[in-house]
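# Coordinate inspection notes
Read off the chains here:
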Amino acid sequence: MKNEKPFSIINYQFSIEYRGLGVDAMTNFSGKNLHAGTGSPQGGGMDSRRNDQVAEVSPKYLAEAVSNAVPLGYKQTEVGVIPEDWEVQDFGSLFQSTVSKKAIKPGTLVSFVGMQDVTEQAQLADQHLIPIENVRSGFTYFERGDVLIAKITPCFENGKGCHTELLHSDIGFGSTEFHVLRANDISDSRFIYYWSNREVFRKSLEPEMVGSAGHRRVPLSAISNYQIPVPPKAEQTAIANALSDVDALISELEKLIAKKQAIKTATMQQLLTGKIRLTSGELKVENGERKPRYQLSTVNSQFVKHSELGEIPEDWEVVCFDQLKDKKDNWAITGGPFGSNLKASDYTENGVRVIQLQNIGDGVFKNDDFVYTSYKKANELISCNIYPDEIILSKMGDPVARACLIPHFHNRYVMCSDGIRLKVDSQRYSEKFVFYFLNYPLFRNQALDASTGSTRKRIGLTELRDLLLCAPPKEEQTAIATILSDMDAEIRALEQRLGKTRQIKQGMMQELLTGRTRLRVNG
């Protein structure tokens, strides 16, 4: 709190509709309704019965805020400008100084939560019911409704912890590396939980950690002495309700993404092995183009054959990786340059982008690390150039031989030393079908078996060339790739929405937990 800049949010707006988020009218400091022109999120378990509202701010507030004066209804404090009816208090004033324990009968099942069971988004991801005798000593006691905060590095800095409202049992035990915060009579435990999730809270307490490198811990006394602005309990609850509703939406999106990914995995298993066939039927019009409508059909056992990869339809073929290449291109299958041919001293601020190992994701190009080399250097390494819609594989794990399609961000790229280029013979094979098969376990497991190394696996061009794939006729390859691409597009859209919702939640926490945006609580 002490390092935050007060009132830099005059033009700030939440980009989410709050219908059902516990507020009837969401406004920013300009007085604009934040519902306007936004789409309604579907699902999320939101409770439309709540009557909390965001208080509007008068024109005088705006004038005073712009002039850096303390706005009407606010006051200057040691933690910044806060509402007049809020108080600056030690965080420890919101939770009990000691955690009492209940008597537990022998044989009682209690929930166990290890550090691995909580996420860096402070969510309870897993728990295990075990007999009390297994955990009575040597573990941390807590009860449903308590807040857990990781105390050890790097778990504390990374945000590990959770609220235990979804605990399967009334009593739980967990890692000794958890602090337990139990709300007292003047606080809402979820308000404590959301404040402990704030990045500014974690960063401010990093310097307070004690202990040797790798074993540093934040003392409970440092957490207790941290000062925050505290509203009345009713407003704490209103704030927690609003944030809980967004958490519910995030949870629903996460579940939907997991479901879609499972469906895609099952679809790949059926389509990439020929257990279900795609046949073209009547034409359909899509974006002004006439495209075939594909129909699914199971394979009659009379029309399958045995192969090195198991049973496949009789009109499919088994090919080795080397057969996929475009024979008109001398470098259709080639590795990246030797390390001495592309050094850090060859990197430039702009020019031809270098694809590094960390850019090669498992089925996705990771566009977050940018390195370039000069056009001259790229031309010297022309055999290591790679182009949009071609496939790049990783020689190194994890996992080994993971593949992604080259995006259209640039006209050409230079591979790093651990990249492998594959330019597919497009007359016989669909690039996207090959891409999906390379990332399918039937191929990936072959690559793992052919790789070398104990701690980090590595595969060479020689071994890679002999690995096997199975492929249907080109038309069916295209149809399979289209279906899987459509599934990927749907999953990406959901992941983008999830990321945006998480950003919105962070904005809400910044506004609501500091009093910059008020929730009017109706009696």
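Keep in mind the model is a prediction, meaning the values are calculated, not measured. (Residues numbered from 1 in each chain as written. Predicted model: local features only at pLDDT ≥ 70, side-chain atom pairs only at ≥ 80, totals over all residues. Heavy atoms only, no water.)

This part takes up the confidence of the model for the protein chain. Predicted confidence across the protein chain gives a mean pLDDT of 86, with 82% of residues reaching 70 or more. Residue range residues 1-49 is modelled with pLDDT below 50. Its contacts to residues more than four positions away, or to other chains, number 126 contacts. (pLDDT = per-residue confidence, 0-100. Contact = heavy atoms within 4.5 Å.)

Picture the strands of a sheet paired through backbone hydrogen bonds; they go either parallel or antiparallel. Reading across from one edge, 19-21-20-25-22 is the order of the five strands in this open sheet, with mixed pairing throughout. Each of the sheet's edge strands pairs with one partner strand only, and the pair in question is strand 19 (347-348) and strand 22 (385-386). In the sheet, strand 22 pairs with strand 25 (residues 413-415) via two bridges, with the strands oriented antiparallel. For isoleucine 386, the partnering residue across the bridge sits in strand 25 and is tyrosine 413. (Pairing = 2+ DSSP bridges. Helix = DSSP H or I, 4+ residues; strand = E, 2+ residues; numbered from the N terminus.)

Attention now moves to helix 8 (residues 431-438). Taking burial as the measure, the eight residues of helix 8 include six buried ones, the bulk of the element. Those residues of helix 8 not exposed but buried are Phe433, Val434, Phe435, Tyr436, Phe437 and Leu438. (Buried < 20%, exposed > 50% of the residue type's maximum accessible area, 1.4 Å probe, protein only.)

Where helix 8 meets helix 11 (residues 474-512), the closest approach of the two axes is 8 Å, and the angle between their N-to-C directions is 65°. What the angle tells us is that helix 8 and helix 11 run roughly perpendicular. The handedness of the crossing between helix 8 and helix 11 comes out as left-handed. Residue-level inspection shows Lys432, Phe433 and Tyr436 of helix 8 in contact with helix 11, the latter providing Gln477, Ile480, Ala481, Leu484, Ser485 and Asp488. Its residues assigned to classes, the contact of helix 8 with helix 11 comprises five nonpolar, two polar and two charged. (Axes fitted to C-alpha atoms, helices over the stretch in contact; angles between N-to-C directions. Parallel < 35°, antiparallel > 145°, perpendicular 65-115°, else oblique. Left-handed = near helix turned anticlockwise from the far one by under 90°. Nonpolar A, V, L, I, M, F, W, Y, C, P; charged D, E, K, R; others polar.)

Side chains Thr140 and Phe142 project from strand 7 (residues 140-143) onto one buried face, and the interleaved Tyr141 and Glu143 project onto a second face that is buried too. Bridging between strand 7 and strand 10 (residues 171-174) involves four bridges; their strand directions are antiparallel. Bridged to glutamate 143 within strand 10 is isoleucine 171.

Once that is clear, we can look at the environment of valine 434. Within the secondary structure layout, valine 434 lies in helix 8. The buried category is assigned to valine 434, whose relative accessible area is 2%. Expressed as a C-alpha distance, the spacing of valine 434 and leucine 469, which sit 35 residues apart in the sequence, is 8.5 Å. If we skip the residues at most four places from it in the chain, valine 434 touches Leu324, Ile391, Leu422, Val424 and Tyr429.

Here the focus is unusual backbone geometry. The general pattern is negative phi for most residues beyond glycine and trans for most peptide bonds. Cis geometry is adopted by the peptide bond preceding proline 154, which originates at threonine 153 and carries an omega value of -5°. Considering the arrangement of structural elements, one finds proline 154 in the loop between strand 8 (147-150) and helix 2 (155-158). Note the cis peptide between aspartate 398 and proline 399, where omega equals -5°. One can find proline 399 in the loop between strand 23 (391-394) and strand 24 (403-405). Positive phi, close to 60°, is recorded for alanine 122, a residue that is not glycine. In this structure, alanine 122 sits in the loop between strand 5 (109-113) and strand 6 (128-131). Of note, the phi angle at aspartate 389 is positive, near 75°, even though the residue is not glycine. With respect to the secondary-structure elements, aspartate 389 resides in the loop between strand 22 and strand 23. The exposure class of aspartate 389 is partly exposed, given its relative accessible area of 41%.

The three strands are arranged 9-8-11 in an open sheet whose pairing can be described as antiparallel. Both outer strands of the open sheet, strand 9 (161-163) and strand 11 (178-181), are each paired with one neighbouring strand and no more. Averaged over neighbouring strand pairs, the angle between their axes works out to 15° when direction is ignored. Examined bridge by bridge, strand 8 and strand 11 share four bridges and lie antiparallel to one another. Along strand 11, the bridge assignment pairs leucine 148 with valine 180. The strands touched by helix 3 (residues 189-197) are strand 8, strand 9 and strand 11; relative to strand 8, the strand with the most contacts, the crossing angle is about 20°.

Once that is clear, we can look at the pattern of salt bridges. By the definition in use, this model includes 28 salt bridges. Between arginine 144 and aspartate 170 there is a salt bridge whose closest N-O contact spans 2.6 Å. Taken together, the residues span a long stretch of sequence, with arginine 144 in the loop between strand 7 and strand 8 and aspartate 170 in the loop between strand 9 and strand 10 at a distance of 26 residues. Take arginine 144: its relative accessible area is 36%, and that puts it in the partly exposed class. Since its relative accessible area comes to 48%, aspartate 170 is described here as partly exposed. For lysine 423, the salt bridge goes to aspartate 326, with nearest N and O atoms at 3.7 Å. In this pair, lysine 423 is assigned in the loop between strand 26 (419-422) and helix 8 and aspartate 326 in the loop between strand 17 (317-320) and strand 18 (333-335), connecting sequence segments 97 residues apart. Each member of the salt-bridge network shares a partner with another, and the members are Asp326, Asp329, Glu390, Arg421 and Lys423. (Salt bridge = Lys/Arg side-chain N within 4 Å of Asp/Glu carboxyl O.)

Bridge analysis of strand 15 (residues 304-307) against strand 16 (residues 310-313) gives four bridges, and the strand direction is antiparallel. Its bridge partner lying in strand 16, lysine 305 is registered against isoleucine 312. Hairpin connection from strand 15 to strand 16: two residues lie between these consecutive antiparallel strands.

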